[in-house]
Amino acid sequence: MRTQVGIIGSGPSGLLLSQLLHQQGIESVVLEKRTQDYVLGRIRAGVLEQGMVDMLRAAGVSDRMDREGLVHEGIEICFGDRRQRVDLKKHTGKVVTVYGQTEVTKDLMDARAAAGGALIYEAENVQIAGLESDAPEITFEKDDQTQKLTCDFIAGCDGYHGVSRRYIPENLLKIHERVYPFGWLGILSETPPVSDELIYVNHWRGFALCSMRSPTRSRYYLQCAFDEDLEEWTDDRFWDELRIRLPNEAAERIEMGPSIEKSMAPLRSFIAEPMRHKRLFLAGDAAHIVPPTGAKGLNLAASDIYYLSRALVAFYAEDGRSDLMDSYSADCLRRIWKAERFSWWMTTMLHKFPDQNSFDRGMQMAELDYLFDSDAAQASLAENYVGLPF
Ligand code: APR
Ligand code: PHB
């Protein structure tokens, strides 16, 4: 098999890239290790920055998002008995759209199918070879047969646990990492959200977040131990703990119901650089992870794909133009580091740290006190939350 761009991974990064390339007449093949049902069964974040919304519109995959996405003009932050709404629209003129990553993925899969593009599920044992040449190869196993895909370029969009990153030689790859000493326990329930806007809570027992997927489906999170046993978290225990951490008014109003999904996620900040080696380009979670507190993971995947599709289109449309490929890693990383900073800052401000001493706690209180009292601090939060430009 031969294609122009071989894409490893059919998460949002890989699928969005395949769609943007297709629009420009560039052929790609997407290889996915899992089944389609498995990919669509993963519940991930759901807050889209304006820049990502604009990209999905330009990619021609926004019909359902424009119908069903919930436009949010603000978020709420709580600590102690204080509640502060941060007005995103007032401070930035921009909004965010609440629309689940699962839905984005589904819309992109539908577009891929409509375009008749190759998307091979259950492609096992994916390996890369020939990166030194002009025609690198991906080999994989499908139905017990080994197949070979020869490409001009390879996009490693295979997430944090993927294989692509390993093909950047160890002596060239620098890893920057912080692992937080806690996780998030999340549930999805068929109940109306407790509030029209997201509520982020710093409580002395730990962080809590009220989010949503639709007017009838809620997503709630609780900070928990990083090795928490899911079995021990019955729905009743989850709702009881959530209500303790929420402001009274919200705790009294919240509608509870059985969970339809329950999962645990560790919190990590991670950056691999560079994001390119020869003809291999990493994008999305394959190159970086943010803790979910700033809702930046999915949006960073989109901005990587903006830079990558731009570089590939320039190469094919402008006779082998390569400057945008050469600057790809640096272009992405400038934005990634800032999103990492914001996610780290939100995480640090809002969580209970097990080894926190009285000074650390004082700093956290001062940070929140300043945020609540300062329009400038709220403007800064808003600017980052709606997404920095790319
Ligand atoms: N071969 C083929 N596919 C693979 C391999 C492999 N060896 N390893 C992983 N994959 C697939 C995974 O099954 C998954 O479908 O690559 C895909 C990667 O998708 P994501 O993890 O969703 O990563 P990405 O597309 O970069 O999207 C980033 O996901 O985790 C969130 O916060 C993150 O929202 C952000 C988004
Ligand atoms: C979510 O809805 O899953 C969500 C929202 C905001 C976050 C993280 C996750 O910061």
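Because the structure is predicted, anything quoted here is derived from the model rather than measured.

A.B. asks: Give a description of the site of ligand 2 that names residues and reports values.
C.D. replies: In the region of ligand 2, 14 residues are neighbours, and Tyr200, Ser211, Arg213, Tyr221 and Pro292 sit closest. Between ligand 2 and proline 292, the relevant distance is 2.8 Å, taken from an oxygen atom to a main-chain nitrogen or oxygen of the residue. Within the contact set of ligand 2, an oxygen atom lies 3.2 Å away from a backbone nitrogen or oxygen of threonine 293. Out of a free accessible area of 280 Å², ligand 2 has 99% covered by protein chains. Contributing elements (two or more residues each) for the shell around ligand 2: β15 (208-214) and β16 (217-224).

A.B. asks: Now, about helix α9 (residues 297-317): what can you tell me, with residues and values included?
C.D. replies: With 21 residues, α9 extends 30 Å between its outermost C-alpha atoms, agreeing within 8% with the 30 Å of an ideal straight helix rising 1.5 Å per residue. Of all 21 residues in α9, 15 are buried; the element is thus mostly enclosed. A positive phi of about 55° marks aspartate 319, the residue just after α9.

A.B. asks: Describe the side chain of lysine 296, listing the residues and the values that go with them.
C.D. replies: Within the secondary structure layout, lysine 296 lies in the loop between β20 (288-289) and α9. A polar contact of 3.0 Å, which involves the side chain of lysine 296, links it to the backbone oxygen of asparagine 384. Apart from residues lying up to four places away in sequence, lysine 296 is in contact with Glu49, Val290, Ala339, Phe342, Ser343, Asn384, Tyr385 and Gly387.

A.B. asks: Kindly report on the sheet that holds strand β1 (residues 5-8), identifying the contributing residues and their values.
C.D. replies: Strand order across the open sheet formed by 6 strands is β8-β2-β1-β12-β19-β18, with mixed pairing between neighbours. The open sheet has two free edges, formed respectively by β8 (118-120) and β18 (276-277), since each of these has just one partner strand. The sheet contacts of helix α1 (residues 12-23) involve β1, β2 (28-31), β8 and β12 (153-156), and relative to β1 the element is tilted by about 160°.

A.B. asks: Could you give me a rundown of the site of ligand 1, with the residues and numbers involved?
C.D. replies: Around ligand 1 sit 25 residues in total, of which Ser13, Glu32, Arg42, Gln101 and Asp285 are the nearest. In the complex, 90% of the free accessible area of ligand 1, which totals 700 Å², lies under the protein chains. For the shell around ligand 1, the secondary structure elements donating two or more residues are α1 and α9. Each residue belonging to the shell around ligand 1 can be placed in one class, and the counts come to 9 nonpolar, 9 polar and 7 charged.

A.B. asks: Can you break down the packing of aromatic side chains residue by residue, with the values?
C.D. replies: Pairs of aromatic rings are described using the distance from one ring centre to the other and the angle between the two planes. Using the criterion set out here, one finds 19 aromatic pairs in the structure. Relative to phenylalanine 353, the ring of phenylalanine 182 has its centre 5.1 Å away and its plane inclined at 80°; by these criteria the two rings are edge-to-face. Taken together, the residues phenylalanine 182 in strand β13 (residues 174-189) and phenylalanine 353 in the loop between α11 (328-350) and α12 (358-373) connect sequence positions 171 residues apart. For the pair phenylalanine 182 and phenylalanine 353, one class covers both residues: buried. Measuring from centroid to centroid gives 5.2 Å for tyrosine 306 and tyrosine 307, while their planes differ by 70°, and the two rings are edge-to-face. Owing to a relative accessible area of 28%, tyrosine 306 belongs among the partly exposed residues under this scheme. Taken together, the ring pairs in this structure connect Phe153, Phe281, Phe315, Tyr316 and Tyr328 into an aromatic cluster.

A.B. asks: So what about the domain arrangement of the protein chain? Which residues, and what values?
C.D. replies: What the domain assignment lists for the protein chain is domain 1 (5-62 + 97-177 + 268-346) and domain 2 (180-266 + 354-386). For domain 1 and domain 2, the distance between their C-alpha centroids amounts to 29 Å. On the domain 2 side, the residues contacting the 22 residues of domain 1 number 16 residues. Carbon and sulfur atoms supply 63% of the area buried between domain 1 and domain 2, which totals about 1,600 Å² over both sides. If you sort the residues of domain 1 by the area they bury against domain 2, Ile43, Val98 and Trp345 come out on top, with a joint share of 31%. Counting across the domain 1 and domain 2 interface gives 0 salt bridges. Linking domain 1 to domain 2 there are 5 residue pairs in polar contact (both at pLDDT 80 or more). Elements with a minimum of two residues in the side of domain 1 that touches domain 2: β17 (259-273) and α11. In terms of residue count, the dominant contributor to the side of domain 1 that touches domain 2 is α11 (5 residues). By residue class, the composition of the side of domain 1 that touches domain 2 is 11 nonpolar, 6 polar and 5 charged.

The rules we used
Residues numbered from 1 in each chain as written. Chains lettered and ligands numbered in written order. Predicted model: local features only at pLDDT ≥ 70, side-chain atom pairs only at ≥ 80, totals over all residues. Heavy atoms only, no water. Near = heavy atom within 4 Å. Polar contact = N/O pair within 3.5 Å; in protein donor to acceptor, adjacent residues only side chain to side chain. Areas by Shrake-Rupley, 256 points an atom, 1.4 Å probe, with all protein chains shown as cover. Helix = DSSP H or I, 4+ residues; strand = E, 2+ residues; numbered from the N terminus. Expected span 1.5 Å × (residues − 1). Buried < 20%, exposed > 50% of the residue type's maximum accessible area, 1.4 Å probe, protein only. Contact = heavy atoms within 4.5 Å. Pairing = 2+ DSSP bridges. Axes fitted to C-alpha atoms, helices over the stretch in contact; angles between N-to-C directions. Nonpolar A, V, L, I, M, F, W, Y, C, P; charged D, E, K, R; others polar. Phe/Tyr/Trp six-rings, centres within 6.5 Å; stacked < 30°, edge-to-face > 60°. Domains from an automatic or database assignment. Buried area = accessible area lost by both parts, 1.4 Å probe. Salt bridge = Lys/Arg side-chain N within 4 Å of Asp/Glu carboxyl O.

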